[in-house]
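Residue strings, one per chain:
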Amino acid sequence: MSAPLPWLEGPLQQALRQRAHALLIHGPAGVGQYEFGFELARALLCEMAGDGTHRPCGRCTACHLMDTHGHPDFRLLLPEALREPLGWAEEEPRKKDAKPSKWIRIEEVRQAIDWTHQSVSRGVAKVLLIHPATAMQEASANALLKTLEEPSPQVRLLLTATDPELLLPTIRSRCQRLGLALPPRGQALEWLKERGLAQPQVLLDAAGGRPLEAVALAGEGIDAAAWTALPQRLRQGDATAVASWNLPRLLETLLKLCHDLMAQAAGGAPRYFPADALPPGATLAELANWSRELTQLSRHDEHPWNASLLAESLVAQAAALWPARAGSGRARVTTLGR
């Protein structure tokens, strides 16, 4: 088990003091909701902590079972799409070419509820972690209500969410809340340096101050040099710059670039890209239109687009913001790639 994220130490101690039977952990994506929930579960199940009010020892049998994903008193509900990224093997093999689900199935919720009614195996507690709770559809969430209201003795339920308002009010009302904030910039940069990221300030800005997202960018092969060079490459219509990117990442990045160009055009400071990496010239009106088109397309990123054609069209659309280099016509993408 890797060392816990340092900016989560304070919230962890707060959570252990709260002693809530159901805790809703929320905060910005990329701050570590899953990591926090898992570390809290380790603390609650640790056999050396005794009363469950101290951080996990990392040495006892329970901590070892948690680290090897084998503790009988811990259950994790996770969408298929997150199992591999978070290091959890698929429970059942998927059909060939089947896309992993982004939802937690109602059958999984019902099985977890039945599990909470079973006896504690190691005599400390039982912990059910649902990450993210927003991956439960309405029927699944409703199935959980009675367990949230009347949990079995020694059962602790941990739910995560980036936006609690996306959960049913009946779910929110049955949980105590604990908010996680972005770490201080200096602490985040030091943590990224320890992980060997070159120019971590560039990737931290690219990730909107979210250190885990900065690590994810680096893991996708997007380093500081590639990120800094991207605006100029898009201005030149160079689609090879994003040829290996998935559509959600590409759309998110283009929206960030649009935001920074609009800030620059209005006399403000960019947030995601270095100021000297942004080519001037696009007007606020053009950028506002581009933002609307990107936002509309991002709502349909699950559509079975032809990925390569759509990426080329998006790059052409970006390049057209600078008529002197790319011509004055605007490329539209709403009918391409079907």
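Now for a quick tour of the structure. Since the structure is predicted, the reported quantities are computational estimates derived from the model, not experimental observations. (Residues numbered from 1 in each chain as written. Predicted model: local features only at pLDDT ≥ 70, side-chain atom pairs only at ≥ 80, totals over all residues. Heavy atoms only, no water.)

Residues three or four positions apart in an α-helix share a direction because the helix packs 3.6 residues into each turn. Helix length check: helix α6 (residues 138-149) (12 residues) gives 17 Å between terminal C-alpha atoms against 16 Å at 1.5 Å per residue, within 8%. Those residues of α6 that sit buried are Ser140, Ala141, Leu144, Leu145, Thr147 and Leu148. Residues of α6 that are buried sit in contact with β1 (22-26), α5 (106-116), β3 (126-130), β4 (155-161) and α7 (169-172). (Helix = DSSP H or I, 4+ residues; strand = E, 2+ residues; numbered from the N terminus. Expected span 1.5 Å × (residues − 1). Buried < 20%, exposed > 50% of the residue type's maximum accessible area, 1.4 Å probe, protein only. Contact = heavy atoms within 4.5 Å.)

Moving on, we get to the nonpolar core. Formed by 71 residues in total, the largest nonpolar core has its most connected members in Leu23, Phe36, Leu40, Phe74, Leu158, Trp290 and Leu314. Ranked by the residues each element gives to this core, the list is headed by helix α2 (residues 33-45), at 8 residues. In this structure, phenylalanine 36 is in contact with Leu8, Pro11, Leu12, Ala15, Ile25, Leu178 and Leu180, ignoring residues within four places of it in sequence. Membership of the second largest hydrophobic core comes to 24 residues, among which are Ala112, Leu128, Ala133 and Leu145. (Core = buried A, V, L, I, M, F, W, Y, C linked by side-chain atoms within 4.5 Å.)

Looking at the element boundaries, glycine 27 is found in the loop between β1 and α2. For glycine 27, a relative accessible area of 8% puts it in the buried group. Between the alpha carbons of glycine 27 and alanine 181 there is a distance of 6.0 Å; along the sequence they are 154 residues apart. Apart from the residues within four sequence positions on either side, glycine 27 is in contact with Gln33, Ala161, Thr162 and Leu180.

Let us look at unusual backbone geometry. The phi angle of most residues is negative, glycine excepted, and most peptide bonds adopt the trans form. Cis geometry marks the peptide bond from histidine 131 to proline 132; its omega dihedral reads -15 degrees. In this fold, proline 132 is placed in the loop between β3 and α6. Phi at arginine 19 is positive, roughly 60 degrees, even though this residue is not glycine. A positive phi angle, near 45 degrees, is found at glutamine 199, a position not held by glycine. Here glutamine 199 shows up in the loop between α8 (185-194) and α9 (200-206).

So, about the side chain of aspartate 73. Mapped onto the elements of the fold, aspartate 73 is located in the loop between α3 (61-67) and β2 (74-77). On the accessibility criterion, aspartate 73 (0% relative accessible area) is buried. Among the polar contacts listed, one links the side chain of aspartate 73 to the backbone nitrogen of serine 121, at a separation of 2.8 Å. (Polar contact = N/O pair within 3.5 Å; in protein donor to acceptor, adjacent residues only side chain to side chain.)

The next thing to look at is the sheet that holds β2. Strand order across the open sheet formed by 5 strands is β2-β3-β4-β1-β5, with parallel pairing between neighbours. Edge positions in the sheet fall to β2 and β5 (176-179), since each of these pairs with one other strand and no more. Averaged over all pairs of adjacent strands, the angle between their axes in this sheet comes to 20 degrees, without regard to strand direction. As paired elements, β1 and β5 share 4 bridges and run parallel to each other. Paired with isoleucine 25 across the bridge in β5 is leucine 178. Across the sheet, helix α1 (residues 9-18) lies against β1 and β5, angled at about 170 degrees from β5, the strand it touches most. Relative to the sheet, α5 contacts β2, β3 and β4, its axis offset from that of β2 by approximately 165 degrees. (Pairing = 2+ DSSP bridges. Axes fitted to C-alpha atoms, helices over the stretch in contact; angles between N-to-C directions.)

Scanning the entire structure with this criterion turns up 17 salt bridges. Between arginine 233 and aspartate 238 there is a salt bridge; the shortest N-O distance is 2.9 Å. Judged by relative accessible area, which is 22%, aspartate 238 ranks as partly exposed. What you see here is one network of salt bridges that share partners, running through Arg210, Glu213, Glu220, Arg249 and Glu252. (Salt bridge = Lys/Arg side-chain N within 4 Å of Asp/Glu carboxyl O.)

The next subject is the packing of α8 against helix α10 (residues 211-219). At a minimum axis separation of 10 Å, α8 and α10 run at an interaxial angle of 30 degrees. With respect to α10, the axis of α8 lies roughly parallel. The crossing of α8 and α10 is right-handed. Contacts between α8 and α10 involve Ala188, Trp191 and Leu192 on the former and, on the latter, Pro211, Leu212, Ala214 and Val215. A class-by-class count of the residues in the contact of α8 with α10 yields 7 nonpolar, no polar and no charged. (Parallel < 35°, antiparallel > 145°, perpendicular 65-115°, else oblique. Left-handed = near helix turned anticlockwise from the far one by under 90°. Nonpolar A, V, L, I, M, F, W, Y, C, P; charged D, E, K, R; others polar.)

So, on to helix α11 (residues 224-235). Among the residues of α11, those classed as buried are Ala224, Trp227, Leu230, Pro231, Leu234 and Arg235. The buried residues of α11 occupy an angular sector of 130 degrees when projected down its axis, which confines them to one face. Directly after α11, the chain includes glycine 237, whose backbone phi takes a positive value near 75 degrees. (Arc of directions from axis to C-beta.)

A separate point is the packing of aromatic side chains. Scanning all chains against the criterion turns up 6 aromatic pairs. Between the aromatic rings of phenylalanine 38 and phenylalanine 74, the centroid separation amounts to 5.5 Å while the plane-to-plane angle is 85 degrees, which identifies the pairing as edge-to-face. You can see phenylalanine 38 sitting in helix α2 and its partner phenylalanine 74 sitting in strand β2, a full 36 residues away along the chain. The two residues phenylalanine 38 and phenylalanine 74 agree in class, both being buried. Counting every residue linked through ring pairs, the aromatic cluster contains Tyr34, Phe38, Phe74 and Trp88. Its guanidinium or amino end placed over the ring of tryptophan 115, lysine 126 lies 4.0 Å from that ring's centre, counting from NZ or CZ. (Phe/Tyr/Trp six-rings, centres within 6.5 Å; stacked < 30°, edge-to-face > 60°. Lys NZ or Arg CZ within 6 Å of the ring centre and 35° of its normal.)

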